[in-house]
Structure formats: structure tokens, C-alpha cells
Amino acid sequence: MTDKVHMGHTARKRFGQNFLHDPAVIERIVKAIAPKTTDHLVEIGPGLGAITEPVAEIAGRLTVVELDRDLAQRLAEHPVLSSKLTIHQTDAMKFDFRQLVPADGKLKIFGNLPYNISTPLLFHLFEFADHIENMHFMLQKEVVERMTAPHGSKTYGRLTVMTQFFCHAMPVVEVGPGAFKPAPKVDSAVVRLIPKSAAERQDVPVAVLNRVCLEAFNQRRKTLRNCFANFATVEQIEALGIDPSLRPEQLPVSEFIRIAKWLASQPSTTE
């Protein structure tokens, strides 16, 4: 680490910045990412370069997407990293990741995602699932638990269903608050996401599946007959082989997909 380059940058609350500094944790994360010289690597929010440096050292080069102008400038002037990086100083939530996809392969994306934008950013990245080999993200542990939850658990919800529709998801590294400066008030974890192939994913409009999830988890304590009252009768739910007296978290991802497929086939579906 080149401390001179890192000194003097105060973490900005509005960007949700917490900088990783624990070498043992960094090593475990880099091992999970397993960068290779043949990979097309993209880091979101490289910050002070804690993960960027070891990954660049192994891979030789990578692309970074950084919103903070000062941090992007630091990376551009970094004595070791500058020649290894392609820097996009922009908002990852509005970035078209297709422009980075090589003709001969897919992207490997990783990053320490700011807590305040993690869910919408994940939804944005899912749009590019067909162009991504895998993703490794440091997130609030509670978010990782939601992404990887089995049905029937308290943490199962919209993020679970949408994540597991697009990807195989598994937690790979747990990280305590002390690994960051400033230390957040929560535990963190790294999740590995391996996008499912188009053939493996059910053919269902994402907007419809998202709508079904929003209706289902808007009021968690309700049963399906009430959750889905806006678009399905009790008879229609039963005709799909689903018990309308169940609560949404009791329904596996495959059943949400089945409901969304049915809804998409209805003539009145306008969303």
C-alpha cells in the first residue's frame, strides 16, 4: 500500500464510503475473486484501491468505475496503478456495462458496494447478467443474508427472489466492522454471484416478476390471497397449484416465477 496516496481522503457519507484496510481480509477477498491475466475485470467503487492493487498485480490490468471525482483522480495519478487501469469516473447505477464486454468473453465484476445504493445497483447489474461470468461484492451482511436466504426464512423477500432468479448466490467471506475505516456499525460479507445462463433462467418478463415480488412483500404479514388481490382471484391462485393461505416468504422462487409467467400471459397485464 502506498500510504501517501491514501492520506487525507475523508470518507464521504453521501457516497456511503467505508474503506477496507485489513490485509488478511483483503487477501481472502482477492482469493475469492481469483483474478487471472485472461479475465476482463471490472471493479465498482475502488475507493483507495485496497482490493484494486492486489487484483491489478495478479491480473495485469482492469477497468474501474468510480463516482467520486477525487478518488478517480488519485487512481489516475497512482504511481503503480495508473498504467494498469481504465478509469470511468461515473455513476455505476447509470453505467452501461455492455460497453465493456469483450467480443471473446464475459466480465468479472467486483467491489465494496456502498450500503446506501447496494440494492438498486444489484438490480441494475442483473440487467447485464448474460454478459457477466461472476460477481463478488462486499455488502452489509444482512443484505447478503437476504440474497442467499432459503424460502421460509425471515430474511426471504423481493431481493432474494430477484437475485436467485438471475444468479446462483453464496456467501464467501464474513467481514467484521474493524476491517474498515471508518468502522461501520454493521457486519459485512462478500457474496459470490454466478449468473444463470439464459437457458437456465425461466423465460419470464423481469418487470412482471418484479411486480409480483413488490405486491407479495409490500405487506409481509398478509397471505397470498390478499397480497395478490390486485391481479389474481383466490380461484386463479389455486388453479396454479398454490395455496392462497400461505404467506409470501413460504413460496419458493420457482413458484414466484410460475405466478409471473401466468400473469404475463394474461391479456390485462399492462405493466
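Residues numbered from 1 in each chain as written. Predicted model: local features only at pLDDT ≥ 70, side-chain atom pairs only at ≥ 80, totals over all residues. Heavy atoms only, no water.

Caption draft 1: Seen up close, the overall build of the chain. Along its length, the chain carries 11 helices and nine strands. Whereas a compact globule of 271 residues would reach a radius of gyration of roughly 18 Å, the chain reaches 20 Å, a difference of no more than 12%. Judged by the C-alpha coordinates and their principal axes, the chain covers about 65 × 40 × 30 Å. Expressed as a percentage of the 271 residues in the chain, the buried residues total 50%. Considering only intrachain contacts with a sequence separation of at least 6, the fraction spanning at least 24 residues in the chain is 66%. Charge centroids of the chain, computed over 32 positive and 30 negative side chains, lie 3 Å from each other. (Helix = DSSP H or I, 4+ residues; strand = E, 2+ residues; numbered from the N terminus. Rg over C-alpha atoms; globule rule 2.2 N^0.38 Å. Buried < 20%, exposed > 50% of the residue type's maximum accessible area, 1.4 Å probe, protein only. Contact = heavy atoms within 4.5 Å. Lys, Arg positive; Asp, Glu negative; His and termini not counted. Charge placed at Lys NZ, Arg CZ, Asp CG, Glu CD.)

Caption draft 2: Summary view of the pattern of salt bridges. Per the stated rule, a full pass over the model turns up 11 salt bridges. In this structure, the salt-bridge partner of Asp130 is Arg201, at a minimum N-O distance of 3.0 Å. With a gap of 71 residues between them, Asp130 in the loop between helix H5 (118-126) and strand S6 (132-140) and Arg201 in the loop between strand S9 (188-195) and helix H8 (206-217) connect regions that are remote in the sequence. Asp130 sits in the partly exposed class, given a relative accessible area of 40%. Among the ionic pairs, Arg146 bridges to Glu142, the shortest N-O distance being 3.4 Å. Here Arg146 and its partner Glu142 are both found in helix H6 (residues 141-148), four residues apart, which amounts to about one turn of the helix. On the basis of relative accessible area, Arg146 is assigned to the partly exposed category, the value being 24%. Given a relative accessible area of 38%, Glu142 falls into the partly exposed group. Salt bridges sharing partners connect three or more residues here, namely Lys36, Asp39, Lys108 and Glu133. (Salt bridge = Lys/Arg side-chain N within 4 Å of Asp/Glu carboxyl O.)

Caption draft 3: Structural detail: the side chain of Lys108. Topologically, Lys108 is positioned in strand S5 (residues 107-112). Classification of Lys108 as buried rests on a relative accessible area of 6%. For Lys108, the contacting residues outside a window of four places in its chain are Ala34, Lys36, Asp39, His40, Leu41, Val42, Glu133 and Asn134.

Caption draft 4: Here's a closer look at the nonpolar core. In terms of nonpolar packing, the biggest core is built from 58 residues, with Phe97, Ile109, Phe137, Phe228 and Phe256 touching the most fellow members. Setting aside chain neighbours within four positions, we find Phe256 in contact with Tyr156, Val161, Leu209, Val212, Cys213, Ala216, Phe217, Phe228, Pro248 and Leu251. Counting 25 residues, the second largest nonpolar core, distinct from the first, contains Ala56, Val64, Val175 and Phe180. (Core = buried A, V, L, I, M, F, W, Y, C linked by side-chain atoms within 4.5 Å.)

Caption draft 5: Looking closely at the packing of H8 against helix H11 (residues 253-265). Direction vectors running N to C along H8 and H11 enclose 115 degrees, while the axes themselves pass 9 Å from each other. Like other packed secondary-structure pairs, H8 and H11 cross with a definite hand, here right-handed. Here Val208, Leu209, Arg211, Val212, Cys213, Ala216 and Phe217 of H8 lie close against H11, whose contacting residues are Phe256, Ile257, Ile259, Ala260, Leu263 and Ala264. (Axes fitted to C-alpha atoms, helices over the stretch in contact; angles between N-to-C directions. Left-handed = near helix turned anticlockwise from the far one by under 90°.)

Caption draft 6: The arrangement of the confidence of the model for the chain in detail. Residue-level pLDDT values for the chain average 91, and 92% of them are 70 or greater. Under a pLDDT of 50 for its full length, residues 11-16 has, in the predicted model, 15 contacts with residues more than four places off or in other chains. (pLDDT = per-residue confidence, 0-100.)

Caption draft 7: Region of interest: the sheet that holds S9. Pairing is mixed in the open sheet, where seven strands are placed in the order S4-S3-S2-S5-S6-S9-S7. Edge strands, defined here as strands with exactly one partner in the open sheet, are strand S4 (85-88) and strand S7 (167-175). Taken pair by pair, the neighbouring strands of this sheet meet at an average axis angle of 20 degrees, ignoring direction. This element, helix H7 (residues 158-166), spans S7 and S9 of the sheet and lies at about 115 degrees to S7. (Pairing = 2+ DSSP bridges.)

Caption draft 8: Representation of the packing of aromatic side chains within the structure. Under the criterion given, the structure shown has nine aromatic pairs. Here Phe95 and Phe97 contribute two aromatic rings whose centre-to-centre distance is 4.9 Å and whose plane-to-plane angle is 85 degrees, an arrangement assigned as edge-to-face. Just as Phe95 is buried, Phe97 falls in that class too. Ring centres of Phe123 and Phe126 lie 6.1 Å apart, and the angle between their planes is 50 degrees; this geometry places the pair in the tilted category. One end of the pair, Phe123, and the other, Phe126, are both in helix H5, three residues apart, so they sit about a helical turn from each other. Neither residue differs from the other here; Phe123 and Phe126 are each classed as buried. Taken together, the ring pairs in this structure connect Phe123, Phe126, Phe165 and Phe166 into an aromatic cluster. (Phe/Tyr/Trp six-rings, centres within 6.5 Å; stacked < 30°, edge-to-face > 60°.)

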